[in-house]
Amino acid sequence: MLGKGVKRPRGEMEGGETEPRDPSAAPATSLFNISMVKLHQSLRRVEPNLRHLVLVANTLRRMQEQMQREAGGPAAPDSPEAPPAGDDLLLSTMDTSISTILEDLGQVEALSPARPEEEQPLAGASGARQEPARTSAPCLGPLELLSSASYLLEDGLEDIFEDIDTSMYDCDLWSPTSLSGFKAFSGAEDSDSKALAGAEDRLDMSDLDYLMDVLVGAPPRSPAPPPPAPPPRAHLPGTRPVPPLAPSPEPSPPSRTQCPRSPL
Amino acid sequence: MFMWLLTFLMVAFSHFFLLADIISTVEFNHTGELLATGDKGGRVVIFQREPESKNEPYNQGEYNVYSTFQSHEPEFDYLKSLEIEEKINKIKWLPQQNAAHSLLSTNDKTIKLWKVTERDKRPEGYNLKDEEGKLKDLSTVTSLQVPVLKPMDLMVEVTPRRIFANGHTYHVNSISVNSDCETYMSADDLRINLWHLAITDRSFNIVDIKPANMEDLTEVITASEFHPHHCNLFVYSSSKGSLRLCDMRASALCDKHSKLFEEPEDPSNRSFFSEIISSVSDVKFSHSGRYMLTRDYLTVKVWDLNMETKPIETYQVHDYLRSKLCSLYENDCIFDKFECAWNGSDSVIMTGAYNNFFRMFDRNTKRDVTLEASRESSKPRAILKPRRVCVGGKRRKDDISVDSLDFTKKILHTAWHPTENIIAIAATNNLYIFQDKVNSEMH
């Protein structure tokens, strides 16, 4: 099931032509805009091409240096390379964005079986984290599953379940009041589902549980006081069982860019 | 001085194969008898050169399909929720040590060792089994016979002998077999591992350029190769255009290079794209081991191992693209990774370009030629006509203008026979093999 919804990385290694897919991006009139679009597109990929990412990021840095030099000097005529006026905020956040994005690469890389011992140094890296598990003392095994689970379910949610027709579930069940029962049952996942800020059409954690239960044909649950630990959930063949998630003390920062699901 | 290039152009024998998928790598074995191709679908096709026949003087040893097998399958990494492509990134042949041939093939993550064997005889006349292999009724066996080997139709068997998995977090871009024939290395974006060909459960990390904080990442490894004769030396190239020659005797972790080859940036040509176009996409030692050949977006460069400050030769592959870098950046073509190749005597170098063009540079005469690999212009025993790209000014007949170039037709993978004037050119899913009929020996 997961195999269908997962995006295959596009053949960028061979230089496939990339059209700006982001509908919210302005028309690519300047190199700066093009580069930012490329950077984000690169990160939308399931596994970004590191060389492409690094080259685009370095090119952006070059542009930033150039613009800073131009800003320091006398007023320069409009050049095609300079970003539109008023992008100073963008400039200053750009470097932070690039850094944060590359940071995340390092974080996710810690999930790889080849280098599990690197989790320790990376866990201390700065920046707000979306994965709640990072705040606890890192140890192998369960922590990896925790991190990977939360990583899987946060930004990956949209993409993985994109092709599932959830229209049959669009009924009063999903209104806030009727969901209270499910939320109560979900127990520990509550805080994490709060952490999933975003559009209303995104599947909630408890919605996900319900959906999975329906798919595996579990008996219908009745709203009950939250049990000490949620019952074991059937999992999809080939995936590992998802243990209960630790509560997240930090809310997800709203300014984060979309889907930096850089799993490296 | 004999100008072999002229002869090559005058008479050429070409044939091509249409493969099922886009070809992603091409490699001759050490004798040139076999040619392996890997494709996007994870398949490997091996071609074998037919022995030259006196009966057909025009048949100067054609290549025909020898074996096909599925090397890699798409995999799914459940932990990271991503699919691992089955595309074959590189194939490298091992030097032949017995009747069998062995090769290494790799996708983004896993390297496999394959053994190619021939079977052209089979034993007949078993005592206990009949022709179909079924057990005989013992009561019918009255005498003892010795099974004999009888010829049979040639059968080529390819079996996986080793699988080197879980060695790489990032995408493997190169593999290279050491001259000691016991070890090989595999390089990904940030690390290089040394493997023993017989040991699959561990590898030795010899280069690691991953920064402590990924936010400091500014450079990746793009290609790497062992020295052809010195088993302790290897080179790796970076996205910033530098080459690092490392000596494994110096230290266990070769993060400190023995030599750094880097050409300073030309201030007159500086642009936002300077770094991208300086990114080295391929590096190859010469057969002599004295030189290195590198390919970046617009040039091929020859480096002398004794001089680190700049290349000894630079050849422009398609300088007319310099004014088009902006649009090539937009459509991502600027990130294309072209390979390069030496001929057997290290006197000519070859690399691919766009519009199904490929270029050759004669290092001695300083002459260069642009040729096209296409079915329209290549018929068997046809003359390979030189092509020209015009950039304005006087335009000759049959010239192609820069704006008419087809950037979707790119020749990224090329290979040169180790001793003869035979080249293999991969153009999407077409494999072209050009042979110089008149002069098959190197000059």
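Residues numbered from 1 in each chain as written. Chains lettered and ligands numbered in written order. Predicted model: local features only at pLDDT ≥ 70, side-chain atom pairs only at ≥ 80, totals over all residues. Heavy atoms only, no water.

1. Describing the sheet that holds strand β18 (residues 243-247) of chain B
Residues and elements named next belong to chain B. Here we have four strands laid out as an open sheet, ordered β16-β17-β18-β19, and antiparallel in their pairing. Of all the strands in the sheet, the pair left with one neighbour each is β16 (221-226) and β19 (259-261). In this sheet, adjacent strand axes meet at a mean angle of 20 degrees when their direction is disregarded. Direction of pairing for β16 relative to strand β17 (residues 233-238): antiparallel, over a ladder of five bridges. (Pairing = 2+ DSSP bridges. Helix = DSSP H or I, 4+ residues; strand = E, 2+ residues; numbered from the N terminus. Axes fitted to C-alpha atoms, helices over the stretch in contact; angles between N-to-C directions.)

2. Digging into the pattern of salt bridges
Evaluation of the coordinates by the stated rule reveals 29 salt bridges over all chains. The salt bridge involving Asp201(B) is made with Arg202(B); its shortest N-O contact spans 3.4 Å. Of the two residues, Asp201(B) and Arg202(B), both sit in the exposed class. Across the salt bridge formed by Lys410(B) and Asp336(B), the nearest N and O atoms sit 3.0 Å from each other. Taken together, the residues Lys410(B) in the loop between β29 (400-401) and β30 (413-416) and Asp336(B) in the loop between α3 (325-330) and β24 (340-342) connect sequence positions 74 residues apart. In the salt-bridge network here, residues are joined through shared partners; they are Arg62(A), Glu265(B) and Arg270(B). (Salt bridge = Lys/Arg side-chain N within 4 Å of Asp/Glu carboxyl O. Buried < 20%, exposed > 50% of the residue type's maximum accessible area, 1.4 Å probe, protein only.)

3. Considerations on the pairing of β16(B)
Most of β16(B) sits out of view: six of its six residues are buried. Between β16(B) and β17(B), which pair antiparallel one after the other, the connecting turn spans six residues.

4. Topic: the packing of aromatic side chains
All names here are of chain B. Inspection of the entire model under this criterion finds 18 aromatic pairs over all chains. Measuring from ring centre to ring centre gives 4.5 Å for Phe 17 and Phe 47, while their planes differ by 45 degrees; the resulting arrangement is tilted. With a gap of 30 residues between them, Phe 17 in strand β1 (residues 12-18) and Phe 47 in strand β4 (residues 43-49) connect regions that are remote in the sequence. Note on Phe 47: relative accessible area 1%, which makes it buried. (Phe/Tyr/Trp six-rings, centres within 6.5 Å; stacked < 30°, edge-to-face > 60°.)

5. Some points on the packing of helix α2 (residues 31-44) of chain A against helix α3 (residues 50-72) of chain A
Residue and element names in this part refer to chain A. Where α2 contacts α3, the axes come no closer than 10 Å and their chain directions differ by 150 degrees. Judged by the angle between their axes, α2 and α3 are roughly antiparallel. Here α2 runs over α3; the crossing is left-handed. The residues of α3 that touch α2, namely those facing Leu 31, Phe 32, Ser 35, Met 36, Lys 38, Leu 39, Ser 42 and Leu 43, are His 52, Leu 53, Val 56, Ala 57, Leu 60, Met 63 and Met 67. (Parallel < 35°, antiparallel > 145°, perpendicular 65-115°, else oblique. Left-handed = near helix turned anticlockwise from the far one by under 90°. Contact = heavy atoms within 4.5 Å.)

6. A look at the sheet that holds β4(B)
Backbone hydrogen bonds are what pair the strands of a sheet, in a parallel or an antiparallel way. All names here are of chain B. Strand order in this open sheet of four strands is β2-β3-β4-β5, and the pairing throughout is antiparallel. This sheet does not close on itself; its edge strands, each paired only once, are β2 (23-28) and β5 (63-70). Taking the axes of each pair of neighbouring strands and ignoring which way they run, one obtains an average angle of 20 degrees across the sheet.

7. With respect to the confidence of the model for chain A
All names here are of chain A. Of the residues in chain A, 19% have a pLDDT of 70 or more, and the chain-wide mean is 53. In the predicted structure, residues 11-29 sits below a pLDDT of 50 and forms 40 contacts with residues beyond four places in sequence or in another chain. Here residues 111-158 scores under 50 on pLDDT; set against residues more than four positions off or in separate chains, the count is 103 contacts. (pLDDT = per-residue confidence, 0-100.)

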